[in-house]
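Overview (structure and organization)
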Amino acid sequence: MFTDQNLYYYSLLSLFFIAPPTFLALQFLTAPYGKHHRSGWGPTISPPLAWFLMESPTLWLTLLLFPFGKNHNNPLSFILISPYLFHYINRTIIYPIKLAGKSRIAHREIKNPLPESGFPVSIAMMAFVFNLLNAYVQARWVSHYADFNTDEWFWPRFAGGIVVFAAGMTLNVWADKVLVGLKSEGGGYKIPRGGLFEYVSCPNYLGEIVEWLGWALMTWSWAGLGFFLYTFANLVPRACANHEWYLQKFGEDYPRKRKAVIPFLC
């Protein structure tokens, strides 16, 4: 008999099983969006729309599932899910709006701006499917399978985890702001400067990895750990590809002491 518990169990296993092949595949193939955009991946849509659509399950599926969990009336479940929702409100709604706004400003104020590369629908669909899986695992664990009544360590873990999460999100949002700001200036890609950009090429990815490490600490669950490991497997190769792209594009002008994503480490 197929039950919700079985569905959750196999979904959680899937989160762990897809991380290693994702990490290995991304050593040889870089997802073709942003600075790595290239033809041959089918139709494209605008990047702001792509970000909104592919990240949206993290909000609507979470809100849809939450009332059906046994913890739906427990205040601790709302406290715990709040950082997760806060991140995805930014990623799903605020970030695409900023991206679209800066793009319009650039096209209005800059003569002969470079054409904006589209976001492949195929890549957006893969991200959409992952977010369906992950939103189900995270939301169902917090709303139903977590045992808050006997968890004496909830508050110490939450306090430590939220500090890590907040530090990561602050870095992630700041770095995104810098990168979007450079795009709005027009004239093609530029070398990001300041803050942790002086140490790594992709502090935005470092921030997101730190965020989900904090989430894993807060939840102290296989669900949180699986999400953190997948984030690491997905973003570290992307950061290495970005780092190599910067080195090839800017040559000797690019700071040689910068690492890809982790300061002071290759």
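Residues numbered from 1 in each chain as written. Predicted model: local features only at pLDDT ≥ 70, side-chain atom pairs only at ≥ 80, totals over all residues. Heavy atoms only, no water.

The chain is annotated in an unreviewed UniProt entry as Steroid 5-alpha-reductase DET2 from Nicotiana attenuata. Looking at the Function (unreviewed entry) heading of the UniProt record, one finds this comment for the chain: "Involved in a reduction step in the biosynthesis of the plant steroid, brassinolide." Taken directly from UniProt, the Catalytic activity (unreviewed entry) text for the chain runs: "a 3-oxo-5alpha-steroid + NADP(+) = a 3-oxo-Delta(4)-steroid + NADPH + H(+)". (UniProt positions renumbered as here; feature names shortened; annotations may be inferred.)

1. Some remarks on the overall build of the chain
Scanning the chain from N- to C-terminus turns up nine helices and two strands. What you see in the chain, going N to C, is helices and strands ordered as α-α-β-α-α-α-β-α-α-α-α. In terms of C-alpha radius of gyration, the chain reaches 19 Å, essentially the compact-globule figure of 18 Å for 266 residues. If you line up the chain on its principal axes, its C-alpha atoms span 60 × 40 × 35 Å. Classification of the 266 residues of the chain by burial places 48% in the buried group. Considering only contacts in the chain between residues 6 or more positions apart, those separated by 24 or more positions represent 82%. Across the chain, the 21 positively charged side chains and the 15 negatively charged ones have centroids separated by 8 Å. (Helix = DSSP H or I, 4+ residues; strand = E, 2+ residues; numbered from the N terminus. Rg over C-alpha atoms; globule rule 2.2 N^0.38 Å. Buried < 20%, exposed > 50% of the residue type's maximum accessible area, 1.4 Å probe, protein only. Contact = heavy atoms within 4.5 Å. Lys, Arg positive; Asp, Glu negative; His and termini not counted. Charge placed at Lys NZ, Arg CZ, Asp CG, Glu CD.)

2. Details of the packing of aromatic side chains
The relation between two aromatic rings is expressed through the spacing of the ring centres and the mutual angle of the planes. Under the criterion given, the structure shown has 28 aromatic pairs. For the ring pair Tyr88 and Trp212, a centre distance of 5.8 Å and an interplane angle of 20 degrees mean the geometry is stacked. Pair noted here: Tyr88 is in helix H5 (residues 75-109) and Trp212 is in helix H8 (residues 203-219), with a separation of 124 residues, a long-range link. Relative accessible area serves as the criterion here: at 3%, Tyr88 is assigned to the buried category. Each member of the aromatic cluster is reached from another via a ring pair, and the members are Tyr84, Tyr88, Phe165, Trp212, Trp215 and Phe227. The cationic tip of Arg91 hangs over the ring face of Trp51; the distance from NZ or CZ to the ring centre is 5.6 Å. (Phe/Tyr/Trp six-rings, centres within 6.5 Å; stacked < 30°, edge-to-face > 60°. Lys NZ or Arg CZ within 6 Å of the ring centre and 35° of its normal.)

3. Things to note about the UniProt feature "domain: 3-oxo-5-alpha-steroid 4-dehydrogenase C-terminal" (unreviewed entry) in the chain
Under the feature "domain: 3-oxo-5-alpha-steroid 4-dehydrogenase C-terminal" (unreviewed entry), the UniProt entry names residues 119-265. Counting secondary structure, residues 119-265 comes out at 69% helix and 1% strand; the distance between its end C-alpha atoms is 31 Å.

4. Quick look at the environment of Ala166
Its place among the elements puts Ala166 in helix H7 (residues 154-184). For Ala166, a relative accessible area of 37% corresponds to the partly exposed category. Separated by 34 residues in sequence, Ala166 and Val200 have C-alpha atoms that sit 19 Å apart.

5. What about a nonpolar patch on the surface?
Judged by side-chain polarity, Leu49, Phe52, Leu53, Ile89, Ile93, Ile94 and Ile97 come together as a nonpolar surface patch covering roughly 580 Å² of accessible area. With four residues, the single largest contributor to the nonpolar patch is H5. Position of Leu53 among the secondary structure elements: in helix H3 (residues 47-55). Exposure remark for Leu53: the relative accessible area of 41% places this residue in the partly exposed category. (Patch = residues over 30% accessible without salt bridge, like charges linked within 9 Å, V, L, I, M, F, W, Y side chains within 5 Å. Areas by Shrake-Rupley, 256 points an atom, 1.4 Å probe, with all protein chains shown as cover. Salt bridge = Lys/Arg side-chain N within 4 Å of Asp/Glu carboxyl O.)

6. Quick word on helix H1 (residues 4-17)
The first and last C-alpha atoms of H1 sit 20 Å apart over 14 residues, in line with the 20 Å expected at 1.5 Å per residue. Restricting attention to buried positions, one finds in H1 the residues Tyr8, Ser11, Leu12 and Leu15. Looking straight down H1, one finds that the buried residues subtend no more than 100 degrees of arc, so they occupy a single side. Looking at the buried residues of H1, the elements they touch are helix H2 (19-25), helix H6 (121-145) and helix H9 (222-250). (Expected span 1.5 Å × (residues − 1). Arc of directions from axis to C-beta.)

7. Quick word on the confidence of the model for the chain
Residues at a pLDDT of 70 or more form 94% of the chain, whose mean pLDDT is 92. Of all the helices and strands in the chain, H5 carries the lowest mean pLDDT, 87, while H8 carries the highest, 98. (pLDDT = per-residue confidence, 0-100.)

8. Here we look at the UniProt feature "transmembrane region" (unreviewed entry) in the chain
What UniProt calls "transmembrane region" (unreviewed entry) maps, in this numbering, to residues 7-29, 49-69, 76-97, 117-137, 158-175 and 212-233. Split by type, residues 7-29 is 78% helix and 0% strand. Its first and last C-alpha atoms lie 31 Å apart. Across residues 49-69 one finds 76% helix and 0% strand; the C-alpha atoms that close the span lie 31 Å apart.

9. Quick word on the pattern of salt bridges
Counted by the stated rule, this structure contains six salt bridges. One salt bridge in this structure joins Arg256 and Glu252, with 3.8 Å as the shortest N-O distance. What emerges from the salt-bridge pattern is a single network uniting Arg91, Asp176 and Glu208.

10. Brief notes about the side chain of Asn131
Within the secondary structure, Asn131 is located in helix H6. Residue contacts for Asn131: discarding those within four places in its chain leaves Met54, Glu55, Pro57, Thr58 and Tyr88.

11. Comments concerning the packing of H7 against H8
The contact between H7 and H8 brings their axes to 7 Å, and the two run at 160 degrees. Between H7 and H8, the interaxial angle falls into the category roughly antiparallel. The handedness of the crossing between H7 and H8 comes out as left-handed. Partitioned by chemical class, the residues of the contact of H7 with H8 number 17 nonpolar, six polar and four charged. (Axes fitted to C-alpha atoms, helices over the stretch in contact; angles between N-to-C directions. Parallel < 35°, antiparallel > 145°, perpendicular 65-115°, else oblique. Left-handed = near helix turned anticlockwise from the far one by under 90°. Nonpolar A, V, L, I, M, F, W, Y, C, P; charged D, E, K, R; others polar.)

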